[in-house]
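# Report on the structure
Okay, here's what each chain looks like letter by letter:
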Amino acid sequence: MHFPVLLKEVGEYLLPEHLVHQSDSLSDKFFIDATIGEGGHSLALLKKNNYQGKILGIEADPKSALKLKEKIKDLGLEKNFIIINDNFVNLKKIIKENRFFSVDGILFDLGLSSGLIEESGRGFSFMRQEVLDMRFNPYHKNLTAAHILNQYSEEELKNIFKIYGGERFSGRIAREILAERKKEKIILTNQLVRIIKQALGFRYHIKSSARVFQALRIEVNDELENLKKVLADSLEILPEGVKIAVISYHSGEDRIVKRFFKDESKIKELTKKPISPSEQEIKKNKRARSAKLRVGEKIS
């Protein structure tokens, strides 16, 4: 079962208790969930506001978006949701097309949804034997993880694994990839795991596979550049008073969010330090262990 990360904390910032208990608590609240996934955070916000309001949910994976639409229909909450299958980098266009301007809060949960890992078959997990694709939406993008592994130079691969994955043995792994791809194309997840193990020998740890897979996913989907763009766009198009909440899981993501909140004069930081999950939450959901929540408010 997939548990939404920092669910209570997100609710406290986007829909504080003093608003819930005010006389207008039954008035509509409007939120954007830019990475809606299975809808856990959004459903909790709606419940907290007595199901009054509307949520514009953006989901890059077409299967996940369709599955969520069916779930919402089964719950009888179609009037509360607009679900868009697109990448959040297109936020400005999505908001304009749906005329969704009066927004109380926007959430970016940058973690990989369980649907992508468990059901997409696109090679996001090194624990499964699948094709090395890693595109969030295979209909909107041509670059795949397999293309990167078979076409990028040794230096490019080394930099990707080091910068996006924090892998200290990135050079060894890149060299081994070039040697192996001369023998056969690297197209499957288990091939890549074997190559990583060969490259590191007794130094191999499962975390190296996790880092390499994370780095490839970030490169395929241009995640860090997209994050920079969407944060800037959200500040430009959303109204004064909107809360911007971001849950990051990677040091590169967190640096971008931290810099954005500190450097932008139009943002008031509501979290001076990032909020991390409790030990109790981490025990229940191991994926939450690296999560960091930062929240800001647009002030002008």
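Our subject is the structure listed above.
Everything in this summary refers to the structure shown in the same document. (Residues numbered from 1 in each chain as written. Predicted model: local features only at pLDDT ≥ 70, side-chain atom pairs only at ≥ 80, totals over all residues. Heavy atoms only, no water.)

This next bit is on the pairing of strand S5 (residues 243-248). Judged by how many residues are buried, S5 sits mostly within the fold: six of six residues are covered. The alternating pattern of S5 places Lys243, Ala245 and Ile247 on one face and Ile244, Val246 and Ser248 on the opposite face, and all of these are buried. Note that strand S4 (residues 105-109) and S5 share five bridges and pair parallel. Its bridge partner lying in S5, Leu107 is registered against Ala245. (Buried < 20%, exposed > 50% of the residue type's maximum accessible area, 1.4 Å probe, protein only. Helix = DSSP H or I, 4+ residues; strand = E, 2+ residues; numbered from the N terminus. Pairing = 2+ DSSP bridges.)

This next bit is on the nonpolar core. Leu132, Phe161, Ile177, Leu192 and Leu216 are the most contacted members of the largest nonpolar core, which has 33 residues in total. Every element with two or more residues in this core is listed here: helix H6 (114-119), helix H7 (145-151), helix H8 (154-163), helix H9 (170-181), helix H10 (189-200) and helix H11 (206-221). Ranked by the residues each element gives to this core, the list is headed by H10, at six residues. What Leu192 contacts, discounting residues up to four positions off in sequence, is Leu132, Leu149, Ile177, Ile186, Val212, Phe213 and Leu216. Leu56, Phe100, Phe108 and Val257 belong to the second largest nonpolar core, which has 31 residues in total. (Core = buried A, V, L, I, M, F, W, Y, C linked by side-chain atoms within 4.5 Å. Contact = heavy atoms within 4.5 Å.)

Turning our attention to the layout of surface pockets. Put simply, the second largest pocket is a space of about 210 Å³. Lining the second largest pocket, in full, are Phe3, Pro4, Leu6, Leu7, Lys8, Glu9, Ser278, Gln280, Glu281, Lys284 and Asn285. Elements supplying a minimum of two residues to the lining of the second largest pocket: helix H1 (7-14) and helix H14 (279-284). Looking at the lining of the second largest pocket residue by residue, the classes come out as four nonpolar, three polar and four charged. (1 Å grid on protein atoms, 1.4 Å probe; cavity = no way out; pocket = protein on both sides within 12 Å on 5 of 7 lines; lining within 4 Å. Points joined across faces, edges and corners; volume = space filled by probe spheres on them. Nonpolar A, V, L, I, M, F, W, Y, C, P; charged D, E, K, R; others polar.)

In this model, Tyr51 sits at a positive phi of 60°, which is unusual for a non-glycine residue. In this structure, Arg99 takes a positive phi of about 50° despite not being glycine. Structurally, Arg99 can be placed in the loop between helix H5 (91-98) and S4.

Before going further, it helps to spend a moment on the packing of H9 against H10. Relative to each other, H9 and H10 sit at 120°, their axes nearing to 9 Å. Comparing their axes, H10 and H9 come out oblique. H9 and H10 meet at a crossing whose hand is right-handed. Of H10, the residues touching H9 (which contributes Arg172, Ile173, Glu176, Ile177 and Glu180) are Leu192, Arg194, Ile195, Ile196, Gln198, Ala199 and Leu200. A class-by-class count of the residues in the contact of H9 with H10 yields seven nonpolar, one polar and four charged. (Axes fitted to C-alpha atoms, helices over the stretch in contact; angles between N-to-C directions. Parallel < 35°, antiparallel > 145°, perpendicular 65-115°, else oblique. Left-handed = near helix turned anticlockwise from the far one by under 90°.)

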